[in-house]
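A closer look at the structure
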Amino acid sequence: MSMLTPPGMGGKYRVTGAAYPRMSRPRRRRKIVLALLGSVLALALLGYGALQLIDVFGGDDSGKRNTAASDGNCPTASAKPANAVKPATAPDAGPAVSKAPAVALPQPGQITVNVYNATPRAGLAKAVGDELKKRGFAVGHVGNAPADFDKKVPGAGILLGSPRTDKAAYSVLGTQLAGVTTQTDAREGADIDLILGDSFKELSTKEDADKALAVLANPAPTPAPSAKC
């Protein structure tokens, strides 16, 4: 065997020039590598497909949860360290309350009331007029109701006046008896007619009327709207 013969050739081949014979690599290793690459690619495709299915069937709920959690930049429990110590705070005083401004109401003496009786009860208009005068109201005409209303008022009464009359005047007079309704006519003056109806029993007590006036003048405060996350 010549010294130029490559090992393992057993002298079968002899190198006669400057080039060695090309030796082919075993094909088995190449097949294994290709099989592994194909398996990895198949697993990757399966994983990608599974993720797409999860996004299709569960994406809306997770999106809503993420939106609700991040809406308004509200702090969440996960944003706090596990060992964080909550600082001492003053007791919750409840929602903030905005104080309603006092309402300027006309005084009873600034309201002229005409008292008319639309019921069959004799002397009712005079008795009510006298009581309203004691409570400070300016009482004008007192007598039977006009024909348009006589025996035609089934309720407690009607407050009738000009549409130009201050609405607060109706409210102040309405504190003196419950169940009255308000109507307007074409008069020019600021006086108000109190037409007593069939359901009228008596005026509200002075104490109840004064409480109702106080509520009108000082409305109850309303809670201020609080910011919500």
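Residues numbered from 1 in each chain as written. Predicted model: local features only at pLDDT ≥ 70, side-chain atom pairs only at ≥ 80, totals over all residues. Heavy atoms only, no water.

Let us now look at the side chain of N117. Relative to the elements of secondary structure, N117 occurs in strand β2 (residues 112-117). The exposure class of N117 is buried, given its relative accessible area of 3%. A distance of 2.7 Å separates a polar atom in the side chain of N117 from a polar atom in the side chain of T119. Leaving out residues up to four positions away in the same chain, N117 has contacts with L124, A125, G143, N144, A145, D150 and L196. (Helix = DSSP H or I, 4+ residues; strand = E, 2+ residues; numbered from the N terminus. Buried < 20%, exposed > 50% of the residue type's maximum accessible area, 1.4 Å probe, protein only. Polar contact = N/O pair within 3.5 Å; in protein donor to acceptor, adjacent residues only side chain to side chain. Contact = heavy atoms within 4.5 Å.)

The biggest cluster of nonpolar side chains holds 20 residues, and the ones touching the most others in it are V113, V128, L132, L194 and L196. Mapped by element, the contributors of at least two residues to this core are β2, α2 (124-134), α3 (167-174) and β6 (192-196). Discounting chain neighbours no more than four positions away, the residues touching V113 are L132, F137, A138, V139, G140, H141, L173, I192 and L194. Counting residues in each nonpolar core, the second largest holds 8 residues, with A145, F149, I158 and L160 among its members. (Core = buried A, V, L, I, M, F, W, Y, C linked by side-chain atoms within 4.5 Å.)

The next subject is α2. Within α2, burial applies to L124, A125, V128, G129 and L132. Looking straight down α2, one finds that the buried residues subtend no more than 125° of arc, so they occupy a single side. Set apart from the buried face of α2 by more than 90 degrees, the exposed residues are K126, K133 and K134. Buried positions along α2 lie against β2, β3 (138-144) and β6. Looking one or two residues beyond α2, the residue adopting positive phi is G136, at roughly 100°. (Arc of directions from axis to C-beta.)

The next thing to look at is the sheet that holds strand β4 (residues 157-161). Sheet strands pair via backbone hydrogen bonds, and the direction of the pair is either parallel or antiparallel. With mixed pairing, the 5 strands of this open sheet are ordered in space as β3-β2-β6-β4-β5. In the strand order of this sheet, the two ends are held by β3 and β5 (180-184), each with one partner. The mean inter-strand angle of the sheet, taken between neighbouring strand axes irrespective of direction, is 20°. In terms of strand pairing, β2 meets β6 through 5 bridges, oriented parallel. Paired with N114 across the bridge in β6 is D193. Packing of α2 onto the sheet brings it into contact with β2, β3 and β6, and relative to β2 it is tilted by some 155°. Together, β2, β4, β5 and β6 form the strand contacts of α3, whose direction differs from that of β4 by roughly 155°. (Pairing = 2+ DSSP bridges. Axes fitted to C-alpha atoms, helices over the stretch in contact; angles between N-to-C directions.)

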